[in-house]
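# Working through the structure, step by step
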Amino acid sequence: MDQSLGKGGVELPMPRKACIVLPAYNEEFSIGRLLGRIEEVMHESSYPYQVILVDDGSRDNTAKIVGEYSKRIPVVIKQHKVNLGLGATIRDGLMAAAELTADRDIIVTMDADDTHMPALILRMIQMIDEGHDVVIASRYQAGARTIGVPVLRRLMSFMASFLFRILFPIPGVRDFTCGYRAYRSTVIKDAIKKYGKSLFNQQGFQCMADILLKLRRMNLVFGELPIILRYDFKKGKSKMDVMHTAWKTFILVLVRRLGK
C-alpha cells in the first residue's frame, strides 16, 4: 500500500485518486463541455483526479481545446498521428493509466462525446469501496435510460448483451459493450501482466467486450449501476459503423467461443 508519514511518524495511506481515460477522435464540439463537467464533479467532491486524453489522430480542434483545459485541470494528452481506432486508443489510455496510478487508485474509462455523465464516477468509486473490482455503467439495470439512441444501435446493443450473457456469463454483468467503467488500478495492472499486448488485440468497438471476456478469467467481482445515456447531447455523426461493428462482434464471439 502506498503510504506517507503523518504526525509522530505514523504511516498514513496516500490520498487515492481517480484516473479518467478519454479516447477522443474529432470531438471539438463535445470535449470542452465534458471536461467542464468532470472538473465540476471532481472539484465539488474534493476527490483527487487525473485525466488522460488519447487523441486518436483528430483532424479538428480537439487537441487545442484540451490543451486550453490543461492549464486549469490535470490533463495528460497523448496523441496518435493518424486514426488507429478505439482498440489502440483504449490500449494506450489504459497502459498510461497503469503507469501513472498507485495500487489504491481507480481507473475510469468513458466516452469523450459528452453522452456519459461524470457524476456517476463518484457512485462507481463507492461501489468499488464496497467490494467490487470492476463497475460498469449499464443500460440494462433498473432505472437506466437511453435518450436519443438510434433504434438500430439499441437493437444491436441488446442482441450483443443477450448473446454474451448466454455464451460468456459473468456474475453481475449485463452490459458487455458500454465503455463507461471503473476498475481498481490493480485489475488493469494484473491484466496487463497476465495477457501482455494480447489484452488489447481488438481494434474496433468490440474491444470493450473483449476486455471483459479476458477479465472474466481473473476471479474478480463485477457490478453494475444504471446509466442515463444522453445521446441527445452528442454533436456530429457517430464514429461507429453499426453493421461493421456487429460483424466484428459476431466474429469475436466465435473466436472466443472456440477458446482462442
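Right above here is the structure, for reference.
Residues numbered from 1 in each chain as written. Predicted model: local features only at pLDDT ≥ 70, side-chain atom pairs only at ≥ 80, totals over all residues. Heavy atoms only, no water.

## Looking at the packing of aromatic side chains
Here the distance between the centres and the angle between the planes together describe a pair of aromatic rings. Under the convention used in this document: Working definition: rings of Phe, Tyr and Trp (its six-membered ring) pair if their centres are within 6.5 Å, and the pair is stacked with planes under 30 degrees apart, edge-to-face with planes over 60 apart, and tilted otherwise. Between buried and exposed lies partly exposed: a residue is buried under 20% and exposed over 50% of the maximum accessible area for its type, with that area taken using a 1.4 Å probe on protein chains only.
On inspection of all chains with the given rule, the structure shows three aromatic pairs. Aromatic side chains Phe164 and Phe168 sit 6.1 Å apart centroid to centroid with 40 degrees between the ring planes, which places their arrangement in the tilted category. Taking the relative accessible area as the measure of exposure, Phe168 reaches 5% and is therefore buried. Here the aromatic rings of Phe164 and Phe176 are separated by 5.2 Å at their centres, their planes lie at 20 degrees, and the arrangement is stacked.

## Topic: a positive patch on the surface
Where we set the bar: The patches reported here contain residues having more than 30% relative accessible area and no salt bridge. Joining distances are 9 Å for like charges and 5 Å for nonpolar side chains (Val, Leu, Ile, Met, Phe, Trp, Tyr). Using a 1.4 Å probe, the Shrake-Rupley method yields the accessible areas, and only the shown protein chains count as cover for residues. Salt bridges are defined by distance alone: a side-chain nitrogen of Lys or Arg within 4 Å of a carboxyl oxygen of Asp or Glu. This count recognises Lys and Arg as positive and Asp and Glu as negative, with His and chain-terminal groups excluded. To locate a charge, the coordinates of NZ of Lys, CZ of Arg, CG of Asp or CD of Glu are taken. By the criteria applied, helices consist of DSSP H or I runs no shorter than four residues and strands consist of E runs no shorter than two, each listed in order from the N terminus.
Positive charge collects at one region of the surface, where Lys194, Arg216, Arg217 and Arg257 lie side by side. Looking at where Arg217 falls in the secondary structure, it is placed in the loop between helix H7 (207-215) and strand E10 (222-226).

## Section: the pairing of strand E7 (residues 134-138)
Note the threshold: Criterion used throughout: strands pair if DSSP finds at least two bridges between them.
Among the five residues that make up E7, five are buried, leaving the element largely enclosed by the rest of the structure. Across three bridges, the pairing between E7 and strand E9 (residues 181-184) is antiparallel. The residue bridging Val135 from the neighbouring strand is Ala182, located in E9. Pairing analysis gives five bridges linking E7 to E10, with the strands arranged parallel. Across the sheet, Val135 pairs through a bridge with Gly223, a residue of E10.

## Comments concerning the packing of helix H3 (residues 86-100) against helix H6 (residues 185-195)
Worth spelling out the cut-off: Geometry is summarised by axes, namely lines fitted to C-alpha atoms with helices restricted to the contacting stretch, and by angles between N-to-C directions that run from 0 to 180 degrees. For classification purposes, an angle smaller than 35 degrees is called roughly parallel, one larger than 145 roughly antiparallel, one from 65 to 115 roughly perpendicular, and anything else oblique. For a crossing to be left-handed, the near helix must be turned anticlockwise from the far one by less than a right angle; the clockwise case is right-handed. In this analysis, two residues are considered to be in contact whenever any of their non-hydrogen atoms come within 4.5 Å of each other.
Following both chains from N to C, one finds H3 and H6 inclined at 115 degrees, their axes separated by 9 Å at the closest point. As far as their axial angle goes, H6 and H3 are roughly perpendicular. Note on packing geometry: the crossing formed by H3 with H6 is left-handed. Two secondary-structure elements touch here, H3 through Leu94, Met95 and Ala98 and H6 through Ile188, Lys189 and Ile192.

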